[in-house]
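Residue-level listing of the chains:
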Amino acid sequence: MTSDVRDHFPVLAQQVEGHALAYLDNAATTQKPRQVLDAVVRYYSESNANVGRSVHAMSMRATDAYEAARETVRAFVNAADAAEIVFTKGTTESVNLVAEGFAAQMVSAGDEIVVSGMEHHSNLLPWRRLCERKGAVLRVVPTDADGELSAEAFAGHLTPRTRFAAVAHVSNVQGTVNPVREIAAATRARGVPLLVDGAQAVAHRPVDVQALGADFYCFSGHKMYGPMGIGVLYGRAELLERMDPLLVGGGMVKEVTVEGPLAVAKAPTLFEGGTPNIAGAVGLAAAVEYLSALGMDRVRDHDAELTARAAAGLRALDGVRVFGAQQPSGGLISFGVDGLHPYDVGNHLSAHGVMVRTGVHCAMPFVDSLGVVGTVRASFGVYNTPEEVDRLVERVATAEKGFWSNEHPTQRFLSL
Ligand code: PMP
């Protein structure tokens, strides 16, 4: 990555705890480049108005900016049509929209929904709630001894009762890149719609939703250098045509009477009831343009190199366990230090200016299956450097034993 990338991110110029900031918590949220900050300020300074409602010139300009953002996102993930891009507030809302608006129509008592054993709570609880309500069965495909998922295991859980399936593209705990293409081929062959949670993928690798074969693909702007409060649901047009909205209200209707006829808008407007996050969409488009200018192949190689460097450095330390067996390429790595609670490690690193996430990473069943109370997660982005990775490794090596052991469960609630 070019050296000026770091200068694009104003927040990185500071010191934290008296040390240069090494921000290695990109899987939780990324920092924002000046290009994104400027786009949001410019939108509010020059074009702010509501979309799709008024005939005045400012509203037209805001609508154009909003729809241009949709087209930018479409091209980024290679959707066939901009109408397949629904703006939401993030991955969590995208998954809930599909669960409640689409899958709910297809699932009855005794039917099955299949998810993997490594899902983030946001791609687990919407399916669990739906199954509980319908008397359906949530089938969880177990991961192997290394916490990884095979396409064969996933396919083996599809039965004639399977009505829907969902899987993470990249694990937010171990960084495992799942065989989504093969899983999609298996679900497609059985006529089962598949949702892919791309929250940890889109910022780290080129994503082509058509080549992947995903029926639905979800992601969050804030994890890809865009603003908070904006996210995306991609859905294949023929599936969106059958989906119900989560929210009803202004903006998603064409004709309304109090009790009589009601004509609703088409996708994607149908799913964006209420005033949308227009500035967020504009900022997300700026983030997409930023990433595209860097080149997603280069971004992937850069993030994978840092992740591999971290894995090698940490594996070489006594008493450090790196989770997962894959050569890490997903942009993040999880590890544990013998005799130290993940919090101790996180506090120690923070005191030296290195920001990592600790705990269960909103994936408690999966972390439980690894047999630990939590992990330390370092996650990398375009502005991170090999020197920062080396600082991480050096500081892990000097972490002192604290008073929380790995078996001590009392602090985990803090990290949900
Ligand atoms: N899925 C995965 C894999 C994630 O990492 C996250 C964010 N941690 C989410 C879903 C939820 O994203 P958001 O909080 O932006 O809705």
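Quick caveat, the model's predicted, so the values are computed rather than measured.

A closer look at the overall build of the protein
Per the secondary structure count, the protein includes 14 helices and 17 strands. Since a compact globule built from 416 residues should have a radius of gyration of about 22 Å, the 22 Å found for the protein is in line with a globular shape. Put simply, the protein has 416 residues, and 57% of those count as buried. Each charge sign in the protein was given a centre, from 36 positive and 46 negative side chains, and these centres are 3 Å apart.

Quick notes on the UniProt feature "domain: Aminotransferase class V" (unreviewed entry) in the protein
If you check UniProt for "domain: Aminotransferase class V" (unreviewed entry), the listed places come out as residues 23-392 in our numbering. With 39% helix and 17% strand, the stretch residues 23-392 has end C-alpha atoms that lie 10 Å from each other.

Brief notes about the nonpolar core
The tendency in soluble globular proteins is for nonpolar side chains to be buried side by side. If you look at the biggest cluster of nonpolar residues, it comprises 78 residues, and the most contacted ones within it are Phe-87, Phe-154, Tyr-217, Met-224 and Val-382. For this core, the leading source of residues is helix H10 (residues 278-294), giving 12 residues. Both of domain 1 (3-31 + 295-407) and domain 2 (37-293) provide at least three residues apiece to this core. Dropping the residues within four chain positions of it, Val-382 is found in contact with Met-1, Val-5, Phe-9, Tyr-225, Tyr-290, Leu-291, Leu-294, Val-299, His-302 and Asp-303. Counting 28 residues, the second largest nonpolar core, distinct from the first, contains Leu-130, Cys-131, Leu-239 and Phe-271.

Some details on the site of the ligand
Near the ligand you find Gly-90, Thr-91, Thr-92, His-120, Ser-122, Asn-172, Asp-197, Ala-199, Gln-200, Ser-220, His-222 and Lys-223, and these make up its full shell. Between the ligand and Ser-220, the relevant distance is 2.7 Å, taken from an oxygen atom to a side-chain nitrogen or oxygen of the residue. Between the ligand and His-222 there is a distance of 2.8 Å, counted from an oxygen atom to a side-chain nitrogen or oxygen. Against a free-state accessible area of 400 Å², the protein chains account for coverage of 87% of the ligand. In this structure the site holding the ligand corresponds to the largest pocket. Class assignment for the residues of the shell around the ligand results in 1 nonpolar, 9 polar and 2 charged.

Digging into empty space enclosed by the protein
Throughout the structure, instances matching the rule amount to 1 cavity of 30 Å³ or more. Forming the boundary of the largest cavity are Glu-148, Gln-174, Gly-175, Thr-176, Arg-315, Val-322, Phe-323, Gly-324, Gln-326, Pro-328, Ser-329 and Ile-333. Residue classes in the lining of the largest cavity are distributed as 4 nonpolar, 6 polar and 2 charged. Both domain 1 (3-31 + 295-407) and domain 2 (37-293) contribute no fewer than three residues apiece to the lining of the largest cavity.

Some details on the pattern of salt bridges
Counted under the stated rule, the structure contains 17 salt bridges. A salt bridge links Glu-388 to Arg-6, with the nearest nitrogen and oxygen atoms 3.1 Å apart. Of the two residues, Glu-388 is situated in helix H14 (residues 386-397) and Arg-6 in helix H1 (residues 4-7); the sequence distance between them amounts to 382 residues. The exposure class assigned to Arg-6 is partly exposed, which follows from its relative accessible area of 24%. Here Asp-111 and Arg-163 are joined by a salt bridge, their closest N and O atoms 3.3 Å apart. Of the two residues, Asp-111 is situated in the loop between helix H4 (91-106) and strand E5 (112-116) and Arg-163 in strand E7 (residues 162-168); the sequence distance between them amounts to 52 residues. When its relative accessible area of 3% is taken as the criterion, Asp-111 is described as buried. Look at the salt bridges and you will find they share partners, linking Arg-188, Asp-215, Arg-236 and Glu-238 into a network.

A word on the packing of aromatic side chains
Inspection of the entire model under this criterion finds 11 aromatic pairs. Between Phe-9 and Tyr-290, the aromatic rings sit 5.8 Å apart at their centres with planes inclined by 80°, giving edge-to-face as the arrangement. Of the two residues, Phe-9 sits in the loop between H1 and strand E1 (15-16) while Tyr-290 sits in helix H10, which places them 281 residues apart along the sequence. On the basis of relative accessibility, which here comes to 6%, the residue Tyr-290 falls in the buried class. Between Tyr-66 and Phe-87, the aromatic rings sit 5.2 Å apart at their centres with planes inclined by 45°, giving tilted as the arrangement. Remark: Phe-87 occurs in strand E4 (residues 85-88) and Tyr-66 occurs in helix H3 (residues 57-77); sequence separation between them is 21 residues. Every member of this aromatic cluster is reached through a ring pair, and the members are Phe-9, Tyr-225, Tyr-290 and Tyr-383.

Details of the layout of surface pockets
Estimated volume of the largest pocket: approximately 360 Å³. Thr-91, Thr-92, His-120, Ser-220 and Lys-223 are the residues nearest the centre of the largest pocket, which is lined by 24 residues in total. With 3 residues, H4 is the largest single contributor of residues to the lining of the largest pocket. Tallied by class, residues from the lining of the largest pocket come to 7 nonpolar, 11 polar and 6 charged. Shared between two domains, the lining of the largest pocket holds at least three residues of each, these being domain 1 (3-31 + 295-407) and domain 2 (37-293). Of the voids in this model, the second largest pocket is the one considered here, and its volume is about 240 Å³. Lining the second largest pocket are 13 residues, and of these Val-51, Gly-52, Glu-67, Gly-251 and Thr-269 lie nearest its centre. When grouped by side-chain class, the residues that make up the lining of the second largest pocket number 4 nonpolar, 5 polar and 4 charged.

Considerations on the pairing of strand E9 (residues 216-220)
Within E9, 5 of the 5 residues are buried, leaving the element largely enclosed by the surrounding structure. Side chains of E9 alternate between two faces, with Phe-216, Cys-218 and Ser-220 and Tyr-217 and Phe-219 buried alike. Direction of pairing for strand E8 (residues 194-197) relative to E9: parallel, over a ladder of 3 bridges. The residue bridging Asp-197 from the neighbouring strand is Cys-218, located in E9.

What counts and how
Residues numbered from 1 in each chain as written. Predicted model: local features only at pLDDT ≥ 70, side-chain atom pairs only at ≥ 80, totals over all residues. Heavy atoms only, no water. Helix = DSSP H or I, 4+ residues; strand = E, 2+ residues; numbered from the N terminus. Rg over C-alpha atoms; globule rule 2.2 N^0.38 Å. Buried < 20%, exposed > 50% of the residue type's maximum accessible area, 1.4 Å probe, protein only. Lys, Arg positive; Asp, Glu negative; His and termini not counted. Charge placed at Lys NZ, Arg CZ, Asp CG, Glu CD. UniProt positions renumbered as here; feature names shortened; annotations may be inferred. Core = buried A, V, L, I, M, F, W, Y, C linked by side-chain atoms within 4.5 Å. Domains from an automatic or database assignment. Contact = heavy atoms within 4.5 Å. Near = heavy atom within 4 Å. Polar contact = N/O pair within 3.5 Å; in protein donor to acceptor, adjacent residues only side chain to side chain. Areas by Shrake-Rupley, 256 points an atom, 1.4 Å probe, with all protein chains shown as cover. 1 Å grid on protein atoms, 1.4 Å probe; cavity = no way out; pocket = protein on both sides within 12 Å on 5 of 7 lines; lining within 4 Å. Sits in = over half its atoms within 2 Å of the grid points. Nonpolar A, V, L, I, M, F, W, Y, C, P; charged D, E, K, R; others polar. Points joined across faces, edges and corners; volume = space filled by probe spheres on them. Salt bridge = Lys/Arg side-chain N within 4 Å of Asp/Glu carboxyl O. Phe/Tyr/Trp six-rings, centres within 6.5 Å; stacked < 30°, edge-to-face > 60°. Pairing = 2+ DSSP bridges.

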